[in-house]
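Chain residues, written in single-letter form:
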Amino acid sequence: MAKGITRNRIVEAALELLDEKGMEGITVRALAARLDVQAPALYWHVRNKQMLLDEMATVVMRRVVEALSTVPPTVGWRDALAAYARILRTEYLRHRDGARVFSGTRVSEPDVVRAKEPWLARLTEAGFPLSGADDALDLVTAFVVGFVIEEQDRSRPDDTEPPRYALEGRDAWLGEGVELVKEAGHLRDDGDARFERHLGIVLDGLAAGLER
């Protein structure tokens, strides 16, 4: 085992590498070079890249759990889920390609998963069946993941020619007969306002299901 190399240090270095190079830059070779060790030394702590991604996701979700601890238990289910969505988005945005990397990972610490218990209790007390409470958390999580993936992609510096998101070029490419599509493209906004609007639609859907 390489002296001084711990799982926490490996994950910390991997997150630094992610912020500098993006998702494609996370390789065993690059991580070993950053830590100044040979690649086999890493396998004492993380057996493969998926395990590394799981550990990275766990660090992020630990921060989410800590932030959620400030949400008062008296807050209604809708405001609580909204707080969860905002906190999760904030944590994903802290890292380049954050949502892409952490999508599809498995949390590796029981305490992080156990933190889901009071949230399921809060939702079932509000009238959701247990399956519906679990669905609600999954739906909000999936919404945030998808939103942030698109958000981070659109905010990435664009050095292509023509630019990928240039509306004028898109209008010409679309041609005639799709004026609503063109107008909708020009109406599109990004960032907090769009996030809050879409989150409201998700929560409205959950509320409608609860009232049936």
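Residues numbered from 1 in each chain as written. Predicted model: local features only at pLDDT ≥ 70, side-chain atom pairs only at ≥ 80, totals over all residues. Heavy atoms only, no water.

An unreviewed UniProt entry lists the chain under the name TetR/AcrR family transcriptional regulator C-terminal domain-containing protein, from Pseudonocardia zijingensis.

A few points about the packing of helix H8 (residues 117-125) against helix H9 (residues 130-155)
What counts here: Here the axes come from fitting lines to C-alpha atoms, over the contacting stretch only for helices, and the angles between their N-to-C directions go from 0 to 180 degrees. Helical segments are the DSSP runs of H or I of at least four residues, strand segments are the runs of E of at least two, and each set is numbered from the N terminus. By the definition adopted for this analysis, an angle is roughly parallel if under 35 degrees, roughly antiparallel if over 145, roughly perpendicular if from 65 to 115, and oblique otherwise. Should the near helix be turned counterclockwise from the far one by less than a right angle, the crossing is left-handed, whereas a clockwise turn marks it as right-handed. Any pair of residues with heavy atoms lying within 4.5 Å of one another is described as a contacting pair. For this classification, the nonpolar set comprises Ala, Val, Leu, Ile, Met, Phe, Trp, Tyr, Cys and Pro, the charged set comprises Asp, Glu, Lys and Arg, and every other residue, Gly included, is treated as polar.
Here H8 crosses H9 at 120°, and the two axes come no closer than 9 Å. What the angle tells us is that H8 and H9 run oblique. For H8 against H9, the interelement crossing comes out right-handed. Here Trp119, Leu120, Leu123 and Thr124 of H8 come into contact with H9, specifically with Leu130, Ala133, Asp134, Ala136 and Leu137. Partitioning the contact of H8 with H9 into residue classes produces seven nonpolar, one polar and one charged.

Examining the side chain of Arg63
Definition in use: Three exposure classes are used, based on accessible area relative to the maximum for each residue type with a 1.4 Å probe and protein chains only: buried under 20%, partly exposed in between, and exposed over 50%. Here a polar contact is recorded for every N or O atom pair within 3.5 Å, except that within protein the pair must consist of a potential hydrogen donor and a potential acceptor, and residues adjacent in sequence are included only if both atoms are side-chain atoms.
With respect to the helices and strands, Arg63 occurs in helix H4 (residues 49-68). Arg63 gets classed as buried once you look at its relative accessible area, which sits at 17%. A polar atom in the side chain of Arg63 sits 3.0 Å from the side chain of His95. Apart from residues lying up to four places away in sequence, Arg63 is in contact with Glu91, Arg94 and His95.

Here's the deal with the nonpolar core
Among soluble globular proteins, nonpolar side chains are generally buried collectively. Our working rule: Note on terminology: a nonpolar core comprises buried Ala, Val, Leu, Ile, Met, Phe, Trp, Tyr and Cys residues joined through side-chain atoms within 4.5 Å.
With 59 residues, the main nonpolar core has Leu31, Met56, Leu81, Tyr92, Phe102 and Val144 as its most contacted residues. Among all residues touching Tyr92, those that are not within four sequence positions of it are Val60, Gly98, Ala99, Phe102, Val144, Val145, Val148 and Gln152.

Examining helix H5 (residues 77-93)
Let me state the cut-off plainly: Expected helix span is taken as 1.5 Å per residue step, with the number of steps being one fewer than the number of residues.
Taking 1.5 Å of rise per residue, the 17 residues of H5 would be expected to cover 24 Å, and the 24 Å separating its terminal C-alpha atoms lies within 8% of that figure. The buried count for H5 comes to 12 of 17 residues, which makes it a mostly enclosed element. Every buried residue belonging to H5 is among Trp77, Ala80, Leu81, Ala82, Ala83, Tyr84, Ala85, Ile87, Leu88, Arg89, Glu91 and Tyr92, and all of these are buried.

Some details on the packing of H4 against H5
Viewed as axis vectors pointing N to C, H4 and H5 meet at an angle of 140°, and their least axial separation amounts to 10 Å. Here H5 runs oblique to H4, going by the angle between their axes. As H4 packs across H5, the resulting crossing turns out to be right-handed. In this structure, H4 contributes Val60, Met61, Arg63, Val64, Ala67 and Leu68 to the contact, and H5 contributes Ala83, Tyr84, Ile87, Leu88, Glu91 and Tyr92.

Brief notes about the environment of Val65
Mapped onto the elements, Val65 comes out in helix H4. Residue Val65 is classed as partly exposed on the basis of its relative accessible area of 26%. Apart from the residues within four sequence positions on either side, Val65 is in contact with Val112 and Ala115.

Side note on the UniProt feature "DNA-binding region" (unreviewed entry) in the chain
Keep this limit in mind: UniProt positions are given in the numbering used here, feature names are shortened, and annotations may be inferred rather than shown by experiment.
When the UniProt feature table is mapped to this numbering, "DNA-binding region" (unreviewed entry) covers residues 27-46. Taken end to end, residues 27-46 is 60% helix and 0% strand, and its two terminal C-alpha atoms sit 12 Å from one another.

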